[in-house]
Structures are given as C-alpha cells and as structure tokens.
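Residue-level structural notes
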2 protein chains.
Amino acid sequence: MTLNISSTEQNYIKAIYHLEQNGRPVNTNDLAAQLATTPASVTDMIKKLKQKKLINYKAYYGCTLTENGRKQSLLIIRRHRLWEYFLSKKLGFNWDAIHEIAEELEHVSNTELINKLDAFLGYPKVDPHGDPIPDANGNIATIEHAVLGGGTLGKRYVVAQIGSQLPAVLELLDQKHIKIGTIIEIKKRFDFDQSLEIKAGNKHITQISKELSQHILVKEHE
Amino acid sequence: MTLNISSTEQNYIKAIYHLEQNGRPVNTNDLAAQLATTPASVTDMIKKLKQKKLINYKAYYGCTLTENGRKQSLLIIRRHRLWEYFLSKKLGFNWDAIHEIAEELEHVSNTELINKLDAFLGYPKVDPHGDPIPDANGNIATIEHAVLGGGTLGKRYVVAQIGSQLPAVLELLDQKHIKIGTIIEIKKRFDFDQSLEIKAGNKHITQISKELSQHILVKEHE
DNA sequence: ATAATTATTTAGATTTGTCTAAATTTTTAT
DNA sequence: ATAAAAATTTAGACAAATCTAAATAATTAT
Ligand SMILES: [Mn+2]
Ligand SMILES: [Mn+2]
Ligand SMILES: [Mn+2]
Ligand SMILES: [Mn+2]
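We now turn to the structure provided with this report. Counting of residues starts from 1 at the beginning of each chain's written sequence and follows it residue by residue. All chains are assigned letters beginning at A, and all ligands numbers beginning at 1, according to the order in which they are written. In keeping with the model being predicted, local features are shown solely for residues with a pLDDT of at least 70 and side-chain atom pairs are shown and tallied solely at 80 or more, while totals for entire chains, interfaces and linings include all residues. Calculation of side-chain values draws on the structure's entire complement of heavy atoms; hydrogens and water are dropped beforehand.

Examining the interface of chain A and chain B
- The contact definition used throughout considers only heavy atoms, calling two residues in contact when any of these lie within 4.5 Å. At the interface, 19 residues of chain A touch 19 residues of chain B.
- Carbon and sulfur atoms make up 81% of the area that chain A and chain B hide from each other, which totals about 1600 Å².
- Any carboxyl oxygen of Asp or Glu within 4 Å of a side-chain nitrogen of Lys or Arg constitutes a salt bridge here. Across the contact surface, chain A and chain B share zero salt bridges.
- Under the rule applied, a polar contact is a pair of N or O atoms within 3.5 Å (in protein, one hydrogen donor and one hydrogen acceptor; residues adjacent in sequence only if both atoms are side-chain atoms). Here chain A is connected to chain B by zero residue pairs in polar contact (both at pLDDT 80 or more).
- The helix and strand labels rest on DSSP assignments: H or I over at least four residues marks a helix, E over at least two residues marks a strand, and numbering proceeds from the N terminus. Taken together, the elements giving at least two residues each to the side of chain A that touches chain B come down to α4 (67–90), α5 (98–105) and α6 (111–121) of chain A.
- Considering every element that reaches the side of chain A that touches chain B, the biggest residue donor is α6(A), with five residues. Accessible surface is computed with a 1.4 Å probe, and the buried area is the amount of it that two parts give up when combined, taken over both parts together.

So this is what it looks like as structure tokens:
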C-alpha cells in the first residue's frame, strides 16, 4: 500500500524541501510566504504531514522532512524537471515559461510515465535552468556552483545553473545573451554597487547588477 | 475573464458529452454510473454546471450541454487525445495503458502547451484508438464508421476506430493481431451466437464474439 | 525584568465535492 | 386508476483545504 499524497500535500513538502536548503528547520511564516497562503493554513497542513510521517515537527519550532518525506519530495522534483526539459527541448518553450506549466504536470504521478519520459528525453542530468534531475530512486547529484558575483577579474567561467525560476530573471538573462553553457569573462567590478561588466559568449559586453550576478551560478572554464 | 472549470467539473461535462452521443438528454443515474459516483452527487453538481451555463437542465428530465459547454468538453477531449497520441507514439506505451494516464494529463489546461504539443506531434487527426482529435477551436470531424459485426461475408474492411477504451477489449484485440489499419476479411458468421470467423492482416484466422465485433469500427477496403 | 513585537497556534467559518438515508416525483405494471 | 417500482431530488453530515480574527507563546528591545 503506497501512501497517497494529494497535490496540495505535494506542494507543501516540495516547498519544505527547498526551504530546508537554507540549513535551518522550516518555520511556519516562511512556508506560508513560499506557498502564498496563511500561517494558519500551514499549521493545519503541517499536522497532517506529521501524521503521514512525511515531516518532523515541534510546535513553535519548525519542521524538517523525514527520510520518506525527502524521497517523496525528490520524486516530485524529478517529475517537475523532466517536464521542464520536455517543454523546453521538445516543445520549444522559452525557459521563462516552463516552470509554471511544470508546476501542474509534476502532480501526474504515474511512475511508468515518468520513467518512459526520462528515456524519451535521453536521461538528461540537468533541467533547462541547470538544476540536477533526481533519479527514479530519489537520488540527486549535489553540485555546488560558485556565484558569478564572487568571481575573479579576467577569469573565464561557464554558466552552469540559474538560482531562480522567476520569469523576470530569465527574461533579463535572455536580453544579455546569457544561458546555460555561456562562457563569461568578468571585465570590471564597480566598487560602488558591486555591479559587473562582463563579456558573454566571447561577444556581448554587458553590465550585470549585484543582485543578478548572485543568481548566475558558474564553474571555471577549461 | 475566462470561466474556470475545475477538474471535477471537467470530468462531468466530458461524461455528459459522451453520453449525449446516444441522442437522448443525459439522465442522472447514467451519469452517476459513468462517473462512478452517486445520483445525489450528480444532482448537486448538475446545479452548479447549470449556474455556470455549461449545461441545460430540467429537474426529473435530464441535461444537455450548452454551446459553450460543448466547446469546453471538446477542448478537454482534444487534450486527452493529444496526450494519448504522445504516450503511444512518442513514449511507446501500449494502447491499453494510455487512456488512464490521459485522464490525468487532460486537466492541465494551458492552451499554448496543447497547441505546441499538437505541432510537435505533427497535427494528428485521430488518436491511437481511431477517435478524431478536435482542433483548437473545439471543432471535431464527424466520422461515422460501420460496425464490423454488421459486415458482409467475403468483403474486406479496414479497422478505423475502436468503440471502447477498456483495457480488456484492447488486450483482446492485441491477442488477435487487430489494430488501427488492419485489413479484415469476414470468412464466416455463425448463426447461433453471431460470432465471426475472420482473417486479420491477410494472415491470422480468429474468432470474434458478437460483443467484440460491435466494438470494432471499420471502413470498406479500397 | 518588563514591555513590545513577532511568530505561531487555536477557534470558528467557508467552499468544494462527496456520501447515506429519506422524501418526492415519474414511470410502469396490473 | 391504483399500486408498485424506478428515478431523482432533498436533507443533513463529512472530509479536505482554506480563511479571518483572536489567543498564546517566543523573541527582542528597553
Ligand atoms: Mn521549475
Ligand atoms: Mn527548473
Ligand atoms: Mn481515452
Ligand atoms: Mn482514445
């Protein structure tokens, strides 16, 4: 008998998974903000998730995922990212439109569907935003990329991951010709606001705000 | 402001659309049976659908779709059949497994998603069961195929459509090497039970019960 | 240490979709 | 025409998920 997890519950544990990446137990208000709901609703749902043994929870303290809760979350994230890959690479959607659609598709939880989709896509390792795709057992690669903002003048980097799903961020990156795999050389750093002048793809010179530079995750070139 | 139709409401109007094909207004009990719910629940939902102007309804009489209700139903059926085509032709699912999965996918109602999917699939005209796929405006081709059971001895037919989504039916057809496009010649008709002996695909001789023969829809060969 | 602020939980309602059991209407049979 | 059967609706309850407003606990500032 496999535990049934409603779409709403799925959204909750996925949000808890993401907030847990900050290293602290997830508190009620942050979870409410993330899910665009009220703290009172979160308290209600948290009790239910505890009963289902998907999270650990102590009143007035916060919650963390149980081992099973973490696995279930990663299987949802797997579905989400595989669909994003499909929408981008097969249907031709721009990367700023796929997250929202994948938010719905991720809840169709037929295991064979997802594994066949994975095969059809050629077992991609990362989604169009550079985020790693968990395998069928809920294992995820832990890649720790550096923030472009912290890079060194004159050095060349490769864009590996974007630290945001916001269409506004992705649209801005489009305009600056920055995508996954783009080679970036940091030309200048302006002391006043920590903004950068960069050369993208050996072609385009542009300015990048500090805020934006912190959402561009890179690895060193060569 | 486009009317929001919940997944449950979508299932109801789709069921009404299908039952309406019998030519009579749809009555409460049949709808309850089709949706595996109770007549009382159907009465409740019917009131809601009437308020949303998706159906016409007279108490103790039955309901029919309004023009808009019909269009919305056909857009759901469009999504359902395009996903079935994708599952079959791109992911390699057998035709007896796709209906159930499409029952979930059909509720993801992003118009651009469906139109891009349609393009990706090459604008298919029919789904893997031979059912016509409505276009983006909710127009559907009206194909009237004959039932194999009513065919003439010695004549050759082409399988064009299957009148059932039941895995049991589709599995049986698999076993008899009958699929969409298969050429069938009726060899004998047994008076006792109206069963048929046929040759399928110019190769396989098999017996077909009357019940099964009524679910195989055909057009004449050549 | 006390007060003020912030975070969290509880209480009580609401909406959606469902159900069982009872009442009512319609249809069919005698 | 009346009775029996079948179909449909109503009444009342319930579970899931949500909300607002009020109560309580924890944290922070003075
Ligand atoms: Mn996403
Ligand atoms: Mn992504
Ligand atoms: Mn189907
Ligand atoms: Mn079909």
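Text resumes after the structure shown.
So, the relation of the copies chain A and chain B
- A least-squares superposition brings the copies together, and it is based on the C-alpha atoms of residues with pLDDT no lower than 70 in both. With an axial shift of 0.0 Å and an RMSD of 0.1 Å, the rotation relating chain A to chain B amounts to 180°. The operation mapping one copy onto its partner corresponds to a two-fold rotation axis. No C-alpha of chain A approaches the rotation axis more nearly than that of L105(A), which lies at 3.7 Å.
- Taken as a fraction of all interface residues of chain A, those also at the interface in chain B reach 100%, which identifies the copy contact as same-surface.

Observations regarding the packing of helix α4 (residues 67–90) of chain B against helix α6 (residues 111–121) of chain B
Residue and element names in this part refer to chain B.
- In the contact formed by α4 and α6, the axes pass within 10 Å of each other and the chain directions differ by 40°. In terms of axis orientation, α4 runs oblique to α6. α6 is crossed by α4, and the crossing has left-handed handedness. Contact residues: R78, R79, L82, W83, Y85, F86 and K90 in α4; L113, I114, N115, L117, D118, F120 and L121 in α6.
- Classification used: nonpolar for Ala, Val, Leu, Ile, Met, Phe, Trp, Tyr, Cys and Pro, charged for Asp, Glu, Lys and Arg, polar for all others including Gly. Across the contact of α4 with α6, the residue classes break down as nine nonpolar, one polar and four charged. Here an angle of 0 to 180 degrees is reported between the N-to-C directions of two axes, which are lines fitted to C-alpha atoms, with helices fitted over the stretch in contact. With respect to orientation, any angle under 35 degrees is reported as roughly parallel, any angle over 145 as roughly antiparallel, any angle of 65 to 115 as roughly perpendicular, and every other angle as oblique. Handedness of each helix crossing follows the sense of rotation of the near helix against the far helix: counterclockwise by less than a right angle gives left-handed, clockwise gives right-handed.

Remarks on the coordination of the manganese ion (ligand 1)
Residue and element names in this part refer to chain A.
- Distances from the manganese ion (ligand 1) to its protein donors, namely H80 (NE2), E84 (OE) and H99 (ND1), fall within the range 1.8 to 2.1 Å.
- Going along the chain, you hit the donors of the manganese ion (ligand 1) in the pattern H-x3-E-x14-H.
- With water excluded from the atoms, a metal site may look incomplete; its donors are any N, O or S atoms within 2.8 Å, or within 3.2 Å for Na, K and Ca. Taken as an interatomic distance, the gap from the manganese ion (ligand 1) to the manganese ion (ligand 2) is 3.5 Å; E84 donates to each of them. Within this pair, whereas H80 is found in helix α4, its partner H99 is found in helix α5, the two being separated by 19 residues in sequence.

Description of the pattern of salt bridges
Residues and elements named next belong to chain A.
- Under the criterion given, the structure shown has 20 salt bridges over all chains.
- In this structure, the salt-bridge partner of K14 is E103, at a minimum N-O distance of 2.9 Å. Residue K14 is found in helix α1 (residues 7–20), and its partner E103 is found in helix α5; the two are separated by 89 residues along the sequence.
- Relative accessibility decides the category of a residue: with a 1.4 Å probe and only protein chains considered, values under 20% of the type maximum give buried, values over 50% give exposed, and everything between is partly exposed. Relative accessible area serves as the criterion here: at 8%, K14 is assigned to the buried category.

Considerations on the protein's contact with DNA strand C
- Around DNA strand C, a shell composed of 21 residues is seen, among which K47(A), Y57(A), S6(B), T37(B) and K48(B) lie nearest.
- In the interface set of DNA strand C, defined as its atoms within 4 Å of the protein, sugar plus phosphate atoms amount to 76%.
- Take Y60(B): an N or O atom from its side chain is 3.3 Å from a base oxygen of DNA strand C.
- Of all the secondary-structure elements, those providing two or more residues to the surface near DNA strand C are α2 (28–34) and α3 (39–51) of chain A together with α1 (7–20) and α3 (39–51) of chain B. In these notes, residues near a molecule or strand are those with any non-hydrogen atom within 4 Å of it.

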